[in-house]
Amino acid sequence: MKNSLHLTAIERKQFDALPEDVREGWEITDETLEAHERPEELKMRVLMLDQEEPAMKLFVEKLQSAGSIKNPSELAEHLGDVPPSTLYTIFFTIGTRAMSELIAAFLTVATSDDDLAGVAFLTAIRHELFLSNAEVSPA
Amino acid sequence: MPRSHPTDMAPLALKDIPVEGLPVVKDTRELADVYGEKDLKLVRAKLQTNEGKAQLLSQIQEKNPGVKDVEKAADQVNLNTEQLQKKEGFLTRMVKYPFRHPYKTAAGVIGVSAVVAATLFGLNALGFKLPAIIEGALSAVPLEKVKDIITTIFSLGRGTQVLPPGADLGVPGVTV
């Protein structure tokens, strides 16, 4: 995976405030897209979320059985059987603004390359969401 | 009768979603059952012309006799199919993206993000308790902000039985 983060101007300032050894090796691509969802779009997405769909049910079951997990990495491993498309569906449903809050939060506390790899992944998903939002208009 | 031109459509008010008598289509496989038309692009195309829209609405009324307000129904079809198209486009993009499995690529952040997202949707109310260590990681996330966005939308949809019985938005340590 390329060491690249798609960051807005504000997020770039957060990144610049990280220690140099954490920032080292990472490229920044400006996130200039702003195709956020309209409120009615987000409401429709919530209604479209199918909690009875087998992969979504598996995801919920995994969460229900995660009580003894000791750290975030173990949690990720525990969730490993859940298809990526389920995760993407959840991110699609919460939308770009909520994703931006997650990105800002994790960017503030990143202390390692692994953390920034996670942030990079979130910024890439948000970028693809922006592109998908921009290419379809109401009929 | 449909409005004279599709561009006359005003956005559907949040309180009117979902429109009475018209189910939300969660997946393109449900299109034929709800709209009498299985092709998403064709449904979208029909909304663009008066003739197509009238034909589509007629099919929809036949499939869903409980629909009272056809104009609102048309607005919902527009919004619903717009989101189906965006979702399809997004998931296609993600399949093509050169990622490894997300949990293996960036385990901690993605795992925690998934939990945050799921928690915001009230899935924790099904019995899931956040492990203490994860709560610590979550303390960095401004959950109130994220939750505000979701709660606003969700509370408006609460009457629609989106959530399983007894489910509620709840984030440990956060009071709204």
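Above this text sits the structure in question.
Source: prediction; values computed, not measured.

Engineer: For this particular structure, what's the right way to read unusual backbone geometry?
Structural biologist: One can expect most non-glycine residues to show negative phi and most peptide bonds to be in trans. Note that the residue after Ile17(B), namely Pro18(B), is joined by a cis bond; omega there is 0 degrees. Secondary-structure assignment places Pro18(B) in the segment before helix H1 (31-35).

Engineer: Looking at this structure, I do not really get the pattern of salt bridges. What am I missing?
Structural biologist: Pairing between side chains becomes possible if they bear opposite charge and their charged atoms approach one another. Summed over the entire model, instances satisfying the criterion amount to 16 salt bridges over all chains. Notably, a salt bridge pairs Arg12(A) with Asp30(A), separated by 3.0 Å at the nearest N-O pair. Residue Arg12(A) is located in helix H1 (residues 9-16), and its partner Asp30(A) is located in strand S2 (residues 27-30); the two are separated by 18 residues in the primary sequence. Classification of Arg12(A) by relative accessible area gives partly exposed; the value is 32%. Of the charged contacts, one joins Lys53(B) and Glu71(B) as a salt bridge, the two residues approaching to 3.9 Å between their closest N and O atoms. Taken together, the residues Lys53(B) in helix H3 (residues 50-63) and Glu71(B) in helix H4 (residues 70-96) connect sequence positions 18 residues apart. Each member of the pair, Lys53(B) together with Glu71(B), is buried. Each of Arg38(A), Glu40(A), Glu41(A), Glu82(B) and Lys86(B) takes part in one network of salt bridges that share partners.

Engineer: Looking at this model, I keep getting lost on the nonpolar core. Mind explaining?
Structural biologist: Generally speaking, nonpolar side chains in soluble globular proteins are found buried as a group. Of all hydrophobic cores here, the largest spans 28 residues; its most connected members are Phe15(A), Phe91(A), Leu116(A) and Ile125(A). Put simply, the parts of the chain that give this core at least two residues each are strand S1 (4-7), helix H6 (84-109) and helix H7 (113-135) of chain A together with H4 of chain B. Top contributing element to this core by residue count: H6(A), with 11 residues. Within the second largest apolar cluster, 23 residues are counted, among which are Met44(A), Ala139(A), Val24(B) and Val43(B).

Cut-offs and rules
- Residues numbered from 1 in each chain as written.
- Chains lettered and ligands numbered in written order.
- Predicted model: local features only at pLDDT ≥ 70, side-chain atom pairs only at ≥ 80, totals over all residues.
- Heavy atoms only, no water.
- Helix = DSSP H or I, 4+ residues; strand = E, 2+ residues; numbered from the N terminus.
- Salt bridge = Lys/Arg side-chain N within 4 Å of Asp/Glu carboxyl O.
- Buried < 20%, exposed > 50% of the residue type's maximum accessible area, 1.4 Å probe, protein only.
- Core = buried A, V, L, I, M, F, W, Y, C linked by side-chain atoms within 4.5 Å.

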